[in-house]
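Descriptive analysis of the structure
Here are the chains, one letter per residue:
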Amino acid sequence: MKKAPVVIKGNKSGIRLVLDDELVFDDLLKAVEDKFESSSNFLGDAQVALSFEGRELTEEEEAILLQCISEHSKLEVVCVVDNDREREAYFTQSLNEKLKQLNSNTGHFFKGNLRSGQVMEFETSIVILGDVNAGAQVVSTGNVVILGALNGNVYAGASGKEDAFVVALKMNPVQIRIGDVIARSSDEKAEIPNEPQIAYLEDGNIYIDTLSRKTLADIKWRNEK
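Attention in this report is confined to the structure presented alongside it. The structure displayed is predicted, hence computed values, not measured ones. Throughout, a residue's number is its position along its own chain's written sequence, starting from 1. Two thresholds apply to this predicted model, a pLDDT of at least 70 for residue-level local features and 80 or more for giving and counting side-chain atom pairs, whereas whole-chain, interface and lining totals are computed over all residues. Only heavy atoms go into the side-chain values, all of them from the structure, while hydrogens and water stay out.

**What to know about the nonpolar core**
The nonpolar side chains of soluble globular proteins are, as a tendency, buried together. Where we set the bar: The criterion is simple. A nonpolar core is a set of buried Ala, Val, Leu, Ile, Met, Phe, Trp, Tyr and Cys residues joined through side-chain atoms within 4.5 Å. Three exposure classes are used, based on accessible area relative to the maximum for each residue type with a 1.4 Å probe and protein chains only: buried under 20%, partly exposed in between, and exposed over 50%. Starting at the N terminus, helices and strands are each numbered in turn, a helix being any DSSP run of H or I of at least four residues and a strand any DSSP run of E of at least two. Residues are treated as being in contact if the distance between any of their heavy atoms lies within 4.5 Å.
Among the nonpolar cores identified, the biggest contains 23 residues, and Val138, Val144, Ile146, Leu150, Val166 and Ile176 are the most heavily contacted of them. At the level of secondary structure, the elements contributing two or more residues to this core comprise strand E6 (119-122), strand E7 (126-129), strand E9 (144-150), strand E10 (153-156), strand E11 (165-171), strand E12 (175-178) and strand E14 (197-202). Residues within four places of Val166 in sequence aside, it is in contact with Val144, Leu150, Val154, Ala156, Met171, Ile176, Gln197, Ile198 and Ala199. With 18 residues, the next largest nonpolar core counts Val6, Val32, Phe52 and Leu75 among its residues.

**Quick notes on the environment of Ala46**
As for its placement among the helices and strands, Ala46 is situated in the loop between helix H1 (25-43) and strand E3 (47-53). Along the chain, Ala46 and Ser73 lie 27 residues apart, while their C-alpha atoms are 10.0 Å from each other.

**A few points about a nonpolar patch on the surface**
Our working rule: Only residues whose relative accessible area exceeds 30% and that form no salt bridge enter a patch; like-charged residues are grouped when within 9 Å of one another, and nonpolar side chains (Val, Leu, Ile, Met, Phe, Trp, Tyr) when within 5 Å. Here the accessible surface of atoms and residues is derived via Shrake-Rupley with a 1.4 Å probe, and residues count as covered only by protein chains that are part of the display. The working definition used for a salt bridge is a side-chain nitrogen of Lys or Arg within 4 Å of a carboxyl oxygen of Asp or Glu.
Residues Phe109, Leu129 and Leu147 make up a contiguous nonpolar surface patch of about 310 Å² in total accessible area. Assignment of secondary structure puts Leu147 in strand E9. A relative accessible area of 40% places Leu147 in the partly exposed class.

**With respect to helix H2 (residues 59-71)**
Stated precisely, the cut-off is as follows: A helix is expected to span 1.5 Å for every residue after the first. Read the arc as the range of directions from the helix axis to the C-beta atoms.
The first and last C-alpha atoms of H2 sit 18 Å apart over 13 residues, in line with the 18 Å expected at 1.5 Å per residue. Three or more residues of H2 are buried, namely Glu61, Leu65, Cys68 and Ile69. Along the long axis of H2, the arc covered by the buried residues comes to 100°, so they all point the same way. Pointing more than 90 degrees away from the buried face of H2 are the exposed residues Glu59, Glu60 and Glu71. Packing partners of the buried residues in H2 comprise strand E2 (14-19), H1, E3 and strand E4 (76-80).

**Re the sheet that holds E14**
For the record, the criterion: What makes two strands pair is DSSP finding at least two bridges between them. The axes used here are C-alpha line fits, helices contributing only the stretch in contact, and every angle between their N-to-C directions lies in the interval 0 to 180 degrees.
Pairing is mixed across the open sheet formed by 6 strands, whose spatial order is E5-E7-E9-E11-E14-E15. Each edge of the open sheet is held by one strand with a lone partner, namely strand E5 (108-111) and strand E15 (205-210). Between one strand axis and the next, the sheet turns through 25° on average, direction left out of account.

**A look at the environment of Leu28**
Assignment of secondary structure puts Leu28 in helix H1. Linking Leu28 and Pro5, residues 23 residues apart in sequence, is a C-alpha distance of 6.9 Å. Leave out the neighbours within four places in its chain, and Leu28 touches Pro5, Val6, Leu19, Asp20, Leu23 and Arg55.

**A closer look at the sheet that holds E10**
Reading across from one edge, E6-E8-E10-E12-E13 is the order of the 5 strands in this open sheet, with mixed pairing throughout. Single-partner strands in this sheet number two, and they are E6 and strand E13 (181-184). When strand polarity is set aside, the average angle formed by the axes of neighbouring strands in this sheet is 10°. Pairing geometry for strand E8 (residues 137-140) and E10, over 3 bridges, is parallel. Note on E10: the bridge partner recorded for Val138 is Val154.

**Overview of the pattern of salt bridges**
When their charged atoms lie close together, side chains carrying opposite charge are able to pair. Throughout the structure, instances matching the rule amount to 4 salt bridges. Note that Arg16 and Glu53 form a salt bridge whose closest N and O atoms lie 2.8 Å from each other. In this pair, Arg16 sits in strand E2 while Glu53 sits in strand E3, placing the two residues 37 residues apart along the sequence. Note on Arg16: relative accessible area 25%, which makes it partly exposed.

**Things to note about the packing of H1 against H2**
Basically, it comes down to this: By definition in this entry, angles of less than 35 degrees are roughly parallel, angles greater than 145 are roughly antiparallel, angles of 65 to 115 are roughly perpendicular, and the rest are oblique. Handedness of each helix crossing follows the sense of rotation of the near helix against the far helix: counterclockwise by less than a right angle gives left-handed, clockwise gives right-handed. Here the term charged refers only to Asp, Glu, Lys and Arg, the term nonpolar to Ala, Val, Leu, Ile, Met, Phe, Trp, Tyr, Cys and Pro, and the term polar to all other amino acids, Gly among them.
Contact geometry for H1 and H2: axes closest at 9 Å, N-to-C directions at 25°. In terms of their interaxial angle, H1 and H2 are classed as roughly parallel. Relative to H2, the crossing made by H1 is right-handed. Of the residues in H2, those in contact with Phe25, Leu29, Val32, Glu33 and Phe36 of H1 are Glu61, Ile64, Leu65, Cys68 and Ile69. Residue classes in the contact of H1 with H2 are distributed as 8 nonpolar, no polar and 2 charged.

**Re unusual backbone geometry**
Despite not being glycine, Asp203 shows a phi value in the positive range, around 50°. The class for Asp203 is exposed, based on a relative accessible area of 71%.

Here it is as structure tokens:
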């Protein structure tokens, strides 16, 4: 039986895209386009994590495939999962260690979307399984991790903790405050990166970077100096 050039497999974390390792890339791209167009209604409208399997891809090829999926389906890929188990385990461990800096026993989870006008305050770090919509506000003495879109206001490190951070799968805040430093979004509309990002305080300024193993390691190193 001839092997399918593109196979979509679902798992608890999102979607695994198994790709033929012999097709030239242009033919593979067309196969991905056809697959997601024909499967669009079945896959529905959702935010998913995606992993590529079956062949090695350059960063450029990966970006082209992600754009293709975006144009030919209703899916929103919020992150690409690294299939190298050792590297992925290190990344997960680094993030978990950072989340536990305050106190792993006092951190909280909240499931749901925050609507305009809602204000939630926590005396711990907080993980929000949902969106923080425009007009909503989250205040935490520790870190704030949003497994969804941040379109409102976040105040991390409200107790004066300058090494607190804010993570969001889609970072589009009106305002972020960490410790005593405030950063506001620009009035100019810019394209929102379709990848997890982290906001942190350094030398009196708030920076927003792509969430990566290197970023987490750099933040950890600075805070331990």
